[in-house]
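Structure at a glance
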Amino acid sequence: MAPITTSREEFDEIPTVVGIFSAFGLVFTVSLFAWICCQRKSSKSNKTPPYKFVHVLKGVDIYPENLNSKKKFGADDKNEVKNKPTVPKNSLHLDLEKRDLNGNFPKTNLKPGSPSDLENATPKLFLEGEKEAVSPDSLKSSTSLSSEEKQEKLGTLFFSLEYNFEKKAFVVNIKEARGLPAMDEQSMTSDPYIKMTILPEKKHKVKTRVLRKTLDPAFDETFTFYGIPYTQIQELALHFTILSFDRFSRDDVIGEVLIPLSGIELSEGKMLMNREIIKRNVRKSSGRGELLISLCYQSTTNTLTVVVLKARHLPKSDVSGLSDPYVKVNLYHAKKRISKKKTHVKKCTPNAVFNELFVFDIPCEGLEDISVEFLVLDSERGSRNEVIGQLVLGAAAEGTGGEHWKEICDYPRRQIAKWHMLCDG
């Protein structure tokens, strides 16, 4: 029997063949795994997210509160299915996708003469709540608009009021605003948010979050105020200020709503209300008030002593009542601010007494290129403070500002005080 012989070349070809088959097997496995992952990802993206997820992120109220638990999750009643028109399974999913990030539906073009579906869908409780809960005085305050304000529509604010007798808490829910004007001329939209104050004390101030690029913001935010007796509710009033956020400058004021609570009975439960947004009440004062300033220039130490003494006849910041004024003092050298100071806040007064002294080091000899700016502001907790009035003292200033500056330059080391009229900030 002849021996079987194998050449060395055959042994060298076996690892090569095994390597080729292994490479093909690896490529096939990776391709199969990638295909399975893509199929799973596409199937997940087509599924409607669960109720809690949609409700939290988009504010979609899928199941009304008046439905029982069986109708919320079961909906297996055959009689109801027969009576109701057939609806595609993915209709809810499509409706949710039509909403933007703020939970609002885009506006649709309606046929002329046909009523809006949105108006028909508005609950009648809003109108009924107004008739039962609002006194004639509050109706007069909300409807006393000039002809110009009636022409310029600023939208409608929807909210609800409730009193929790167990917790002795006053509950305000800011639901939404509709038909706001566009404050950004480039994008033709707004970034609205709402500030609310309980008058007359102004102790309770809250604000909603900012909703980006929408004229129909759905806030649905609830604010609970504890420690307010029910007997005191009739003496209070709610002041809503609707603003549009501006990242690079002072926020734009869209309008305001004032709701006196006298005559509103909350003992029967939650009251749903809506009010037209009106133009912000312009200060009725002829001026911005006056500021008493004392200046002293020390030529030997090259310092300027500034004393903010008093303010008088300051106007109301808005219909919410008196201002909470304070003064910012800015020192400028050649139109460049080199130092700043500020006084303490004086609560709810048009005639504030500060008596606060500030000493500034002058970087140059003389006061030719030096000026001092005084800004009287209204302190607003949780938002940007509003400028009540402005005063500039310096060599280039006009009126009493220039005269006061000339006197301290002519009479160094002498403390000279003068009243100055504030101008628009």
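None of the values given here were measured: they were computed from a predicted structure.

**With respect to helix α10 (residues 400-410)**
For α10, every residue scored as buried is listed here: G401, G402, H404, W405 and I408. Here the buried residues of α10 occupy an arc of 160° about the axis, which is enough to place them on one side. Contact partners of the buried residues in α10: β9 (290-298), β10 (303-312), β14 (370-378), β15 (386-394) and β16 (416-421).

**Let's talk about the nonpolar core**
Ranked by size, the top nonpolar core spans 32 residues in total, and within it L157, L161, F170, L238, F240, I259 and L261 carry the most contacts. Those elements that place two or more of their residues in this core are β1 (156-164), β2 (169-178), β3 (192-199), β5 (218-226), β6 (237-244), β7 (252-260) and β8 (271-276). Here F240 is in contact with L157, F159, V172, I174, I194, K195, M196, G255, E256, V257 and I259, once residues within four sequence places are set aside. If you look at the next biggest cluster of nonpolar residues, it comprises 30 residues, including L291, L295, L304 and F354.

**What to know about the confidence of the model for the protein**
Per-chain confidence: the protein averages 75 in pLDDT, with 68% of residues scoring 70 or above. This stretch, residues 48-97, has a pLDDT under 50; its non-local contacts, to residues over four places away or in other chains, come to 29 contacts. A low-confidence stretch, residues 108-151 (pLDDT under 50), is modelled with 33 contacts involving residues beyond four sequence positions or located in other chains.

**Focus: the packing of aromatic side chains**
Following the criterion strictly, the structure yields four aromatic pairs and no others. Their ring planes at 35° and their centres at 5.1 Å tell us that F159 and F240 sit as a pair that is tilted. Of this pair, F159 sits in strand β1 while F240 sits in strand β6, and the two are 81 residues apart along the sequence. The pair F159 / F240 is uniform in exposure class, with both members buried.

**A few points about the pattern of salt bridges**
Throughout the structure, instances matching the rule amount to seven salt bridges. Of the charged contacts, one joins E221 and R209 as a salt bridge, the two residues approaching to 2.6 Å between their closest N and O atoms. Of this pair, E221 sits in strand β5 while R209 is found in the loop between β4 (205-207) and β5, placing the two residues twelve residues apart along the sequence. The buried category is assigned to E221, whose relative accessible area is 15%. Under the relative-accessibility criterion, R209 is labelled partly exposed at 39%. Here D410 makes a salt bridge to K406, at a shortest N to O gap of 3.0 Å.

**Remarks on the sheet that holds strand β13 (residues 353-361)**
If you trace the four strands from one edge of the open sheet to the other, you get β13-β10-β9-β16, paired in antiparallel fashion. The open sheet has two edge strands, β13 and β16, and neither has a second partner. Along the sheet, successive strands turn relative to each other by an average axial angle of 25°, direction set aside. Bridge count between β9 and β16: six bridges; the pairing is antiparallel. Bridge pairing links L295 to I416 in β16. In the packing of α10 onto the sheet, contacts are made with β9, β10 and β16, and the angle to β16 comes to roughly 170°.

**A closer look at unusual backbone geometry**
Omega for the peptide link from L199 to P200 comes to 5°, which places this bond in the cis form. Tracing the backbone shows P200 in the loop between β3 and β4. Positioned with a positive phi, C348 is a non-glycine residue whose angle comes to about 45°. Looking at the secondary structure, you find C348 in the loop between β12 (336-342) and β13. Given the relative accessible area of 34%, C348 is considered partly exposed.

**Remarks on a nonpolar patch on the surface**
Together, F28, L32, W35 and I36 make up an exposed nonpolar region whose accessible area comes to about 440 Å². Position of L32 among the secondary structure elements: in helix α1 (residues 8-46). Its relative accessible area of 41% is what places L32 among the partly exposed residues.

Rules of the game
Numbering of residues starts from 1 in each chain and follows the order in which that chain's sequence is written. Note on the predicted model: pLDDT of at least 70 is required for a residue's local features to be given, and 80 or more for side-chain atom pairs to be given and counted; whole-chain, interface and lining totals, by contrast, use all residues. Values shown for side chains rest on all heavy atoms present in the structure; no hydrogens or waters enter the calculation. Each residue is assigned to one of three classes by its accessible area relative to the maximum for its type, calculated with a 1.4 Å probe on protein chains only: buried under 20%, partly exposed between the two thresholds, exposed over 50%. Only DSSP runs of H or I covering at least 4 residues are called helices, and only runs of E covering at least 2 are called strands; the numbering of each starts at the N terminus. Note: the arc covers the axis-to-C-beta directions of the helix. What makes two residues a contact is simply this: any of their non-hydrogen atoms within 4.5 Å. In this text, buried Ala, Val, Leu, Ile, Met, Phe, Trp, Tyr and Cys residues form a nonpolar core when linked through side-chain atoms within 4.5 Å. Per-residue confidence from the predictor is reported as pLDDT, which spans 0 to 100. Aromatic pairs are defined between Phe, Tyr and Trp rings, using the six-membered ring for Trp, whenever the two ring centres lie within 6.5 Å; interplanar angles under 30 degrees are classed as stacked, those over 60 as edge-to-face, and all others as tilted. We define a salt bridge as a contact between a side-chain nitrogen of Lys or Arg and a carboxyl oxygen of Asp or Glu at a distance within 4 Å. Strands qualify as paired when DSSP identifies two bridges or more between them. In this analysis an axis means a line fitted to C-alpha atoms, helices contributing only their contacting stretch, and an angle means the value between N-to-C directions, from 0 to 180 degrees. Two distance rules govern patches: like charges are joined within 9 Å, and nonpolar side chains (Val, Leu, Ile, Met, Phe, Trp, Tyr) within 5 Å, applied only to residues with over 30% relative accessible area and no salt bridge. Surface accessibility follows the Shrake-Rupley procedure with a 1.4 Å probe radius. Residue values consider only the protein chains on display as shielding.

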